[in-house]
Amino acid sequence: MGAVGIVKLSGNDSIEIASKVCRLRSGKEIKKLPSFKLALCDVIDNNNKALDEGLVVLMREPFSYTRENVVEIQVHSSPLIIQKIIQICINKGARLAEPGEFTKRAFLNGRISLNQAESVAEIVKVQSEKALYSLYKNLRGMFGEKISEWQKGLAFIQAKIQVECDFSDRIGTTDLQATFAKEINTIRQNIRKQYDRSKKFQNLQNGLLVVICGKPNVGKSSLLNAIIGKERSIVTPIPGTTRDAIEELFLIEGFPFRFVDTAGIRESQSYIEKIGIDKTKKYLEEAHLVIVIFDQSQEINKEDYTLVDLVRKKPHIIVLNKSDLPSKIEIKDVNELYPQEKIIKISALSGKGIDRLLDQIVEKVQLIKDNYDEDYLAFNFRQQNELFKASTFLEQAQKSLEEGFPIDVVSIDIDEALRCLKRINGEDIDEKVVDSIFNNFCVGK
Ligand code: GDP
């Protein structure tokens, strides 16, 4: 259910079908409507009875998403109305689109490249602001242009090598060899840089894992609630109530962070609590950052020391909670446990110190301070894999040149690298691969 729902038709017969489903209020014929102009209409069923009023718009080929004739019928978005309209369209000759079929047609009809099509799938599920801007560049084809630039560069080097080889089966002088190797290396480095940045960015995209841990009752759930500003974890004064880990997604500086409130670590008799504690240990292994909490209204004891050993190898932030209560822990005591660490005093209850803690998190996770605005990023495994393979083939080509191998060997590697780059944009690609890419799209995209 929603305010407006859109039924979209694409293909040769779409205008014909729409004219049997929509009746313009103006009394004019739908096929005479100009493109991109909304017109008020009634949607009519198989018995010519109106069932909703809406707007209809034509986008004639080739100026549409699919480069085919496209019609959009905008109606009130009740599932019943939408279902009925789809059924009527089917009765008049349409069929249901397969997942991603609109975008697939846009690709097959040459409107967009494969990597642009893949950005469409990514952009509908984007979670981080930074990824959004980068994906937009992909969507507009800028990553594809970068790829074409590398392709052209390699093709040019390839041609120069060929000219040299018309005279012998080995490249003539060491000077020339070195020049070609250097030119190949420049492109290879660019490709490799984009690969590394894409991988790193993807890690950030998936969300950095921040694990909140401490012994029971120090205020872990309260801190998570203070951070996300809503109550989801169970906050209770009985030790050991957060038996399972609770995860929340939270954006800081445009990047998603997965905050996890874990079961407090302590020696436990309860089977269920033990499972929770094991899970905490697993989270700690995977964590990008650990927030260690002490309750400063209680003295440090054995359980706190267990924790110190557990998190020592991970990037961590030390927090003294309950700063609103009289203090029983001196900062110097904690400093003995964690030398050289800045210790942050907070009150999860009043919210005091939370902003400083968030600043500290950003500082600790230096990665997110990188500027990705200049990057053209590969957003999925397929594209990243092709970049990686291309850079490996170029490395081999470069080596072969440096070691004076016959030119055919160098040429084969450059060809392979070119093929990888082509596949990113969807040229020279197996039909089955194309099908499997679009099968993962959602219906209607
Ligand atoms: P957890 O077991 O570590 O998740 O701890 P909880 O978040 O459930 O908190 C345990 C108890 O400490 C609850 O009664 C909280 O209200 C209380 N508490 C948490 N943070 C603070 C704080 O900053 N100040 C005070 N005075 N009490 C707090």
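Computed from a predicted model, the values in this text were never measured in an experiment. Once a new chain begins, its residue numbering starts again from 1 and follows that chain's sequence as written. For a predicted model such as this one, the threshold for reporting local features is a pLDDT of at least 70, and the threshold for listing and counting side-chain atom pairs is 80 or more; totals across whole chains, interfaces and linings nevertheless cover every residue.

**Things to note about the overall build of the protein chain**
Counting its secondary structure elements, the protein chain contains 15 helices and eleven strands. In the protein chain, buried positions account for 35% of the 445 residues. The contact criterion used here is simple: two residues whose C-beta atoms, placed from the backbone, lie within 7 Å are in contact. For the protein chain, long-range pairs separated by at least 24 residues make up 68% of all intrachain contacts whose partners lie at least 6 apart in sequence. Counting from the N terminus, the helices are DSSP H or I runs at least four residues long and the strands are E runs at least two residues long. Residues with at least 20 other C-beta atoms within 10 Å of their own are called buried, those with 12 or fewer are called exposed, and the rest are partly exposed. The C-beta atoms themselves are positioned from the backbone.

**A short note on the nonpolar core**
In this description, a nonpolar core means buried residues of the types Ala, Val, Leu, Ile, Met, Phe, Trp, Tyr and Cys, linked to one another by C-beta atoms lying within 7 Å. Grouped together as the largest cluster of nonpolar side chains are 64 residues, with contacts concentrated most on Val210, Val211, Ile212, Val290 and Val292. No other element matches helix 7 (residues 174–205), which puts eight residues into this core. Where each domain starts and ends follows an automatic or database-derived domain assignment. Counting only domains with at least three residues in this core, you end up with domain 2 (129–202 + 376–439) and domain 3 (208–369). Sequence-distant contacts of valine 211, that is, excluding residues within four places in its chain, are made with Val260, Thr262, Tyr283, Leu284, Ala287 and Val290. Membership of the second largest hydrophobic core comes to 21 residues, among which are Val43, Val70, Val75 and Cys89.

**Points about helix 5 (residues 129–139)**
If you check which residues of helix 5 are buried, you get Lys130, Ala131, Ser134, Leu135 and Asn138. An end-on view of helix 5 places all buried positions within 125° of arc, on one side of the element. Looking one or two places after helix 5, you find glycine 141, whose phi comes out positive at around 90°. When we speak of the arc, we mean the arc of directions from the helix axis to the C-beta atoms.

**Some points on the packing of helix 13 (residues 381–402) against helix 14 (residues 407–425)**
Following both chains from N to C, one finds helix 13 and helix 14 inclined at 165°, their axes separated by 8 Å at the closest point. By the angle class used here, helix 13 and helix 14 are roughly antiparallel. Here helix 13 runs over helix 14; the crossing is left-handed. Here helix 13 contributes Gln383, Glu386, Lys389, Ala390, Phe393, Leu394, Gln396, Ala397, Ser400 and Leu401 to the contact with helix 14, which in turn contributes Val409, Val410, Asp413, Ile414, Glu416, Ala417, Cys420, Leu421, Arg423 and Ile424. Axis lines are fitted to C-alpha atoms, over the contacting stretch for helices. Their N-to-C directions set the angle, which ranges from 0 to 180 degrees. Working definition: roughly parallel below 35 degrees, roughly antiparallel above 145 degrees, roughly perpendicular at 65 to 115 degrees, and oblique for all remaining angles. Handedness of a helix crossing follows the sense of rotation of the near helix relative to the far helix, less than a right angle counterclockwise being left-handed and clockwise being right-handed.

**Things to note about the sheet that holds strand 4 (residues 50–59)**
Pairs of strands are assigned from DSSP output, requiring at least two bridges between the strands. Pairing within the open sheet is antiparallel, and its five strands lie in the order 1-5-4-3-2. Edge strands, defined here as strands with exactly one partner in the open sheet, are strand 1 (2–10) and strand 2 (22–24). Between one strand axis and the next, the sheet turns through 35° on average, direction left out of account. Judged from the three bridges that link them, strand 2 and strand 3 (residues 39–44) form a sheet pairing that is antiparallel. Paired with leucine 24 across the bridge in strand 3 is cysteine 41. Helix 2 (residues 79–91) contacts strand 1, strand 3, strand 4 and strand 5 (70–77) of the sheet and is inclined by roughly 15° relative to strand 1.

**Concerning the UniProt feature "binding site: (6S)-5-formyl-5,6,7,8-tetrahydrofolate" (unreviewed entry) in the protein chain**
UniProt positions are given in the numbering used here, feature names are shortened, and annotations may be inferred rather than shown by experiment. The UniProt record annotates "binding site: (6S)-5-formyl-5,6,7,8-tetrahydrofolate" (unreviewed entry) at Lys8, Glu72, Arg111 and Lys445. Considering the arrangement of structural elements, one finds lysine 8 in strand 1. Given 17 C-beta atoms within a 10 Å radius, lysine 8 is considered partly exposed. Sequence-distant contacts of lysine 8, that is, excluding residues within four places in its chain, are made with Val70, Glu72 and Phe102. For lysine 445, the position within the fold is in the segment after helix 15 (431–439). Beyond its immediate stretch of four places on either side in the chain, lysine 445 contacts Gly100, Phe102, Thr103, Val120 and Val124.

**Describing the packing of helix 4 (residues 114–123) against helix 5**
Packing of helix 4 against helix 5 leaves a shortest axis separation of 8 Å and a crossing angle of 150°. Between helix 4 and helix 5, the crossing angle belongs to the class labelled roughly antiparallel. Our pair here, helix 4 against helix 5, has a crossing hand that is left-handed. Contacts from Asn115, Gln116, Ser119, Val120, Glu122 and Ile123 in helix 4 reach Leu135, Asn138 and Leu139 in helix 5. Residues of the contact of helix 4 with helix 5, tallied by class, amount to four nonpolar, four polar and one charged. Polar here means any residue other than Ala, Val, Leu, Ile, Met, Phe, Trp, Tyr, Cys and Pro, which are nonpolar, and Asp, Glu, Lys and Arg, which are charged; Gly is therefore polar.

**With respect to the environment of leucine 80**
Mapped onto the fold, leucine 80 is located in helix 2. With 79 residues separating them in the primary sequence, leucine 80 and methionine 1 have C-alpha atoms 9.3 Å apart.

**So, the sheet that holds strand 9 (residues 289–295)**
Strand order in the open sheet formed by six strands is 7-8-6-9-10-11, and the pairing between neighbours is mixed. A strand with exactly one partner marks an edge of an open sheet, and here the two such strands are strand 7 (246–252) and strand 11 (343–345). For this sheet, the mean inter-axis angle between neighbouring strands, taken without regard to orientation, is 25°. Examined bridge by bridge, strand 7 and strand 8 (residues 255–261) share seven bridges and lie antiparallel to one another. Its bridge partner being in strand 8, phenylalanine 250 is matched across the sheet by phenylalanine 257.

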